[in-house]
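Coordinates in review
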Amino acid sequence: MPALHDFATWEPLLTLLRAEHADRPAAGTGHLAGTVSSTGWSLPLDHRSVQPHRRQAVARAAAPVQRALAEAGLREAMFAADVSPDGRTVLHVFGDSPAVESGSGLPSPGTLVLVEGAVAEPWRRLPSPAPGATPAPSADPALLERTLRERLPDAVGATEEEIAAAEERLGVALPEELKALYRVTRVSPAGPGGSGDWEADFAEIQAAGSAVGCELSSLDGLFVADAATRPCPWQYAATKAAATPPDAAVQALVGSPGWIAFGGNGGDTFAVDLTPGPRGHLGQVILIDHEQSIGAELYGESLTELVLSRFSNEAPVGHHERLPPVAARVGDHHELDDLASAAHPDLEVVRIFRRSGAPLGLAPVAGLPRVRTLTAHPGTLADPLEVTGLPALEYLGLGPDEWRVLLDAGAVPSGLSAAGVEVRGDEHPLAVVAVANDLLALRDRPPIPHTTVEGHLGPAPRPRAPHA
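Being a predicted model, the structure only gives us computed values, none of them experimental.

Thoughts on the sheet that holds strand S4 (residues 88-94)
As summarised here, the arrangement of the five strands in space is S2-S1-S3-S4-S18, forming an open sheet in which the pairing is antiparallel. Strands with a single pairing partner mark the edges of an open sheet, and in this sheet they are strand S2 (41-42) and strand S18 (450-456). Examined bridge by bridge, strand S1 (residues 31-37) and strand S3 (residues 76-83) share seven bridges and lie antiparallel to one another. In the strand pairing of S3, Leu32 is matched with Ala81. Where helix H1 (residues 7-20) meets the sheet, its contacts fall on S1, S3, S4 and S18, and the angle it forms with S3 comes to roughly 65 degrees. With respect to the sheet, helix H2 (residues 52-72) is in contact with S1, S2 and S3, its orientation differing from that of S1 by roughly 70 degrees.

A word on the side chain of Arg230
Structurally, Arg230 can be placed in the loop between strand S8 (223-224) and helix H7 (234-237). In contact with Arg230, not counting residues within four places along its chain, are Trp123, Leu253, Val254, Trp259, Ile288, Asp289, Gln292, Ser293, Ile294 and Gly295.

Some points on the nonpolar core
Formed by 43 residues in total, the largest nonpolar core has its most connected members in Ile352, Leu374, Leu396 and Trp403. Counting only elements with at least two residues in this core, the list comes to S3, strand S13 (327-330), strand S14 (349-352), strand S15 (373-376), strand S16 (395-398), helix H9 (400-409), strand S17 (418-421) and helix H10 (429-442). Among the elements that line this core, the one with the most residues is H10, at six residues. In this structure, Leu396 is in contact with Leu374, Val387, Trp403, Leu406, Pro413, Leu416, Ala418, Ala419 and Gly420, ignoring residues within four places of it in sequence.

Some words on the side chain of Glu348
Relative to the elements of secondary structure, Glu348 occurs in the loop between S13 and S14. With a relative accessible area of 2%, Glu348 lands in the buried category. When residues no more than four places from it in sequence are discounted, the contact partners of Glu348 are Glu121, Arg125, Ala241, Ala242, Val326, Arg370, Val371, Arg372 and Thr373.

A few points about the packing of helix H3 (residues 141-151) against helix H5 (residues 176-184)
Here H3 crosses H5 at 25 degrees, and the two axes come no closer than 9 Å. Regarding the angle of H3 to H5, the classification is roughly parallel. Between H3 and H5 lies a crossing whose hand is right-handed. For the pair H3 and H5, contact is made by Pro141, Leu144, Glu145, Leu148 and Arg149 and by Glu176, Glu177, Ala180, Leu181, Arg183 and Val184, respectively. For the contact of H3 with H5, a count of residues per class yields six nonpolar, no polar and five charged.

Quick notes on the pattern of salt bridges
Within the structure shown, the criterion is met by 17 salt bridges. A salt bridge links Glu427 to Arg424; the nearest nitrogen and oxygen atoms lie 3.9 Å apart. Its relative accessible area of 9% is what places Glu427 among the buried residues. Residue class for Arg424 comes out partly exposed when judged on its relative accessible area of 45%. By sharing partners, the salt bridges in this structure join Glu121, Arg125, Asp346, Glu348, Arg370 and Arg372 into a single network.

Here's the deal with the packing of aromatic side chains
Any aromatic ring pair is given by two values, namely how distant the centres are and how the planes are angled relative to each other. With the rule as written, the count across this model stands at four aromatic pairs. Summarising the aromatic geometry, the rings of Trp10 and Phe79 are spaced 5.1 Å apart at their centres and angled 50 degrees between planes, so their arrangement reads as tilted. Linking Trp10 in helix H1 with Phe79 in strand S3, this pair joins segments that are 69 residues apart in sequence. Assigned by exposure class, Trp10 and Phe79 land together as buried.

Notes on the pairing of S3
Within a regular strand, the side chains alternate between the two sheet faces. Of all the eight residues making up S3, six are buried; the element is thus mostly covered by neighbouring parts of the structure. Hairpin connection of S3 to S4: four residues between the antiparallel strands, including Gly87 at a positive phi of 100 degrees.

Focus on the confidence of the model for the protein
When the pLDDT values of the protein are averaged, the result is 88; 88% of them are 70 or greater. When the criterion is pLDDT under 50, residues 25-29 qualifies, and its contacts beyond four places in sequence or with other chains add up to six contacts. Low pLDDT (under 50) marks residues 311-319, which in the prediction has 14 contacts with non-local residues, meaning those over four places away or in another chain.

Considering the environment of Thr451
The topology assignment puts Thr451 in strand S18. Note on Thr451: relative accessible area 25%, which makes it partly exposed. Sequence-wise, Thr451 and His92 are 359 residues apart; in three dimensions their C-alpha atoms are separated by 5.7 Å. Apart from residues no more than four positions distant in its own chain, Thr451 is found in contact with His5, Leu91, His92 and Val93.

Focus: the packing of H9 against H10
Axis separation between H9 and H10 bottoms out at 10 Å; the angle between their running directions is 35 degrees. Here H9 runs over H10; the crossing is left-handed. Residue-level inspection shows Pro400, Trp403, Arg404 and Leu407 of H9 in contact with H10, the latter providing Val432, Ala434, Val435, Asp438, Leu439 and Leu442.

Here's the deal with unusual backbone geometry
Its identity as a non-glycine residue notwithstanding, Asp444 has a phi of 55 degrees, on the positive side. Among the structural elements, Asp444 can be located in the loop between H10 and S18.

Remarks on the pairing of S17
Here S17 shows no split at all, with Ala418 and Gly420 on one side and Ala419 and Val421 on the other all buried. Here two bridges tie strand S6 (residues 108-113) to S17, and the two strands are oriented antiparallel to one another. Across the sheet, Val113 pairs through a bridge with Ala418, a residue of S17. In this structure, S16 lies alongside S17, joined through four bridges in parallel fashion. Its bridge partner lying in S17, Tyr395 is registered against Ala418. One crossover worth recording links S16 to the parallel S17 by way of H9, and it is right-handed.

Definitions and cut-offs
- Residues numbered from 1 in each chain as written.
- Predicted model: local features only at pLDDT ≥ 70, side-chain atom pairs only at ≥ 80, totals over all residues.
- Heavy atoms only, no water.
- Pairing = 2+ DSSP bridges.
- Helix = DSSP H or I, 4+ residues; strand = E, 2+ residues; numbered from the N terminus.
- Contact = heavy atoms within 4.5 Å.
- Axes fitted to C-alpha atoms, helices over the stretch in contact; angles between N-to-C directions.
- Core = buried A, V, L, I, M, F, W, Y, C linked by side-chain atoms within 4.5 Å.
- Buried < 20%, exposed > 50% of the residue type's maximum accessible area, 1.4 Å probe, protein only.
- Parallel < 35°, antiparallel > 145°, perpendicular 65-115°, else oblique.
- Left-handed = near helix turned anticlockwise from the far one by under 90°.
- Nonpolar A, V, L, I, M, F, W, Y, C, P; charged D, E, K, R; others polar.
- Salt bridge = Lys/Arg side-chain N within 4 Å of Asp/Glu carboxyl O.
- Phe/Tyr/Trp six-rings, centres within 6.5 Å; stacked < 30°, edge-to-face > 60°.
- pLDDT = per-residue confidence, 0-100.
- Right-handed = clockwise from strand over helix to strand, strands pointing away.

What follows is the structure, given as structure tokens:
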């Protein structure tokens, strides 16, 4: 990748950034850092960069780097530059590692995946058995079929063979109500895979949606809304937590092998639920919110109820018994001031943010059996070695100094699946990447590549005159 590692490729961008910081050199840190991708950039620019002429100047300066990325077949490159007052520059270019989920840019390189293919616990969680669950009293496949035939007299339904093929493809037996629906209308997709008559297929989709109350999928479009259909980066997935109250109608899950998605509303997904909560019904209709990572909302106790009552806008609501929170946020401007207030046996996630008080000890949560995630802003832990008292940790996010304490002591928890290097924002990327690579090396994971390039930007520009 000679172009990407050629100082001339970066010189226009570094020159622009140095001029940007002429009156406040990189916020006092002595270095400039950012990310350039094939479609944009994350750079230390002030508010003036949103002005059109400024954006054009940045685009011109970043263009050589973007061309070099294209030539190298890369999506993005992180960089850090140490610029001396006389213009001497040491540029550090960091590449991608398959063991790192891209983050928001330097100085944080992203989430380190220490176990290949690992996902956070909520994405591994399976539904609890519901052996006593039964269909709701309102579920009536025969009534549902009659009602839909009245509303869709010209619809073409699926054959029993087509329904059986869908069940084999999904690996699950469809509930009788869903079979009744598709016996009335199989819903040909508009466009590829449809009947060939696009207008007729689109009219059929509209009619079916009006009759049922949502944008109905074709029989071939049915899918199992399991956890894999709701991906989430480790950085965020590790901090997600949810518990199912004993009176809940819907289980608090990322997805389930018993959530059979059959429609949508332009963003969210409708599914029949074959793995209901303790107070739910087999085959109830749930709405999976595309803006949420965990859980679903009860929308109707049955497909029959949905179709028959949709015009009166009557939809049952779920029960929500209050449980102790399984995720705790500690710090200034957050819910809690201390860890003792958060401690209980079902606690799963602890996040410690900036706080004005003394650093915290982890004794109040030590030994809790379900704490799987701990993140702590740099400087907020009294003793980083106390993390060894959390036996179930699978994700740990600490500052570079705290990680260095664990690394030097050989005390990095062996059960971690992923890790994050928490930063204040003023750390030098070299130090952060060094910690990241040491953590990756513990698990024989591919390191973050690092290339050093030296060059000269010429004399520093004069600081800008202050605005009147």
